[in-house]
Amino acid sequence: MTLLKSTPLGDWHKEHGARLTGFAGWSMPLHYSSGILQEHLSVRKFGGLFDISHMGRFRVTGPDAVLFLRSVLTNDAARLELWQAHYTILPREDGSALDDAYLFRFPDGYWLVVNAANAEQDWHHLQEYAQGLSVLLEDMTGTTGMLAVQGPQSEELLKKVLTEGTLPPPVRNTVSQARLEDIDVRISRTGYTGEPVGFELFLPTEDTVRVWERLVEAGESLGIQPVGLGARDTLRLEAGLTLFGHELGLAPDGTPIPIFAAPSASVAVHLTPDRGDFIGRVALEAQAAAYQSYRQGPIQHSESLPRLVRPLAVLGPGIARQGDEVYWNGQRVGWVTSGTVVPYWVFTGQEPDAIPTEETGRRAIALAYINADVPREAAVEINVRGRLLPARVVRRHGRSDLPPYFRPIIVQ
């Protein structure tokens, strides 16, 4: 069975969003301002506090909950242990994405966090596929809030304010329960900034403003400040993280983007034989085979996976934007999916002990959906309003594997 619980998505966020972040929306063009640049730098060196209550939150319970989730998500819910989370995708039959999401397993059921702009369509999609199953779907968006603390000092901040319980183990996607004064808070080591250290918090709606104010107060001495969704976009782009409507969904020419074209597909799709059938499995198996072939080389064209999303370092003055055409050897090979200018801290010392200095710089970067046969390090050009801007295909814009800092990779 399904419980159709009608909750106005985002009502609480619309009421309090200006107070918390100054942004009531969830996706915006990656234009930049001095405020966004400063917030970006603050997260990378100290930390940032985000209101992400606009995200959709659905609880799934019932005897057939695992069966249902295995049929509508690309990752395998059966492998998710209590107090764990993983990245996943709501697939279409053609192997493209309806949305991407995060699935959490709590004692009171599975919680699926989806993009705010897609929450209504996701809700109806899940209701449709739950028909005939013993599954309870509840929209928890209006009764729960969600905050994120990201950056090198985020763990210190939470240690300062928690009064009971512990933080999750120092492994990504782990979850714990704690208390902040008299408020129960669920805490996960997840985030959308690329930071090596970061957390997301689930808590009751009525307590969200009080917790926010406590975190702002306690974070001031650590250099942690409130950050808006504009900087959240620049941070995720620098980290090479997928944004639905850009790197997932439809390409600028209106064709569906295969899920395996996205950089994060390798951790979002589970295709072992014991996995069973699910939406889009046949198409995804073909994409996975093509992707594996690409990794082994030499690359041959595949109808299942003709293009891949690749990072581009812009080498000339200018900014690439979504939809700008990308050329290689004089031929159009794809389009920019996300692009902007991001600031960065200049580091001193040798890895892994290098630390940020007081010096900063700026660089133009992008993600692009381009032909799979374009090699890494290839020199390409981006058509920006009729002017060809030089760029290079790179492996990544930064690295998150040397905590506590995200470290930029600067291409000259």
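Residues numbered from 1 in each chain as written. Predicted model: local features only at pLDDT ≥ 70, side-chain atom pairs only at ≥ 80, totals over all residues. Heavy atoms only, no water.

## Quick notes on a positive patch on the surface
Quick reminder of the rule: A residue counts toward a patch only above 30% relative accessible area and without a salt bridge, and it is joined to like-charged neighbours within 9 Å or, for Val, Leu, Ile, Met, Phe, Trp and Tyr, to nonpolar neighbours within 5 Å. For every accessible area listed, the method is Shrake-Rupley and the probe measures 1.4 Å; residues are considered covered only by the protein chains on display. Salt bridges are identified by distance alone: a Lys or Arg side-chain nitrogen within 4 Å of an Asp or Glu carboxyl oxygen. Charge counting follows a simple rule: Lys and Arg are positive, Asp and Glu are negative, and His as well as the terminal groups are ignored. Think of each charge as sitting on NZ of Lys, CZ of Arg, CG of Asp or CD of Glu. Secondary structure follows DSSP: runs of H or I at least 4 residues long count as helices, runs of E at least 2 residues long count as strands, and numbering of each begins at the N terminus.
On the surface, Arg 295, Arg 376, Arg 395 and Arg 396 cluster together into a patch of positive charge. You can see Arg 395 is positioned in the loop between β18 (387-393) and β19 (398-399).

## Considerations on the pairing of strand β13 (residues 307-314)
For clarity, the cut-off: Each residue is placed in one exposure class: buried if its accessible area under a 1.4 Å probe, protein chains only, is under 20% of its type's maximum, exposed if it is over 50%, and partly exposed if it falls in between. We treat two strands as partners when DSSP finds at least two bridges between them.
Most of β13 is tucked away: 8 of the 8 residues are buried. Judged by which residues are buried, β13 turns out to be covered on both faces: Arg 307, Val 309, Pro 311 and Ala 313 on one side and Leu 308, Arg 310, Leu 312 and Val 314 on the other are all buried. Relative to strand β16 (residues 355-371), β13 runs antiparallel, the two sharing 7 bridges. Within β16, the position partnered with Leu 308 by the bridge is Ile 370.

## Focus on the confidence of the model for the protein chain
To keep things clear, this is the line we draw: Per residue, pLDDT measures the predictor's confidence, with a range of 0 to 100. Contact between two residues is taken to exist if any of their heavy atoms lie within 4.5 Å; hydrogens are not considered.
On average, residues of the protein chain score 91 in pLDDT, and 92% of them reach the 70 mark or higher. Across residues 1-31, confidence stays below pLDDT 50; counting only partners more than four residues off in sequence or on other chains, it has 76 contacts.

## Comments concerning the packing of aromatic side chains
For the record, the criterion: Aromatic rings from Phe, Tyr and Trp, taking only the six-membered ring of Trp, are treated as a pair when their centres fall within 6.5 Å; an angle between ring planes under 30 degrees marks them as stacked, one over 60 as edge-to-face, and anything in between as tilted. Here, a charge over a ring is recorded when the distance from Lys NZ or Arg CZ to the ring centre is within 6 Å and its angle to the ring normal is within 35 degrees.
For the coordinates displayed, the defined rule picks out 11 aromatic pairs. Taking 5.5 Å as the distance between ring centres and 80° as the angle between the ring planes, the aromatic pair formed by Phe 106 and Phe 202 counts as edge-to-face. A residue pair is termed long-range when its members are at least 10 positions apart, and Phe 106 in strand β4 (residues 97-106) and Phe 202 in strand β11 (residues 198-204) qualify at 96 residues. Across the pair, Phe 202 and Phe 106 agree in class, each one buried. Site record: aromatic cluster; members linked through ring pairs are Trp 83, Tyr 87, Tyr 102, Phe 104, Phe 106, Trp 111 and Phe 202. For Arg 44, the ring lying beneath its charged end belongs to Phe 406, and the centroid distance is 3.8 Å. Looking at Arg 186, its charged tip hangs above the ring of Phe 106, at a distance of 4.3 Å from the centre.

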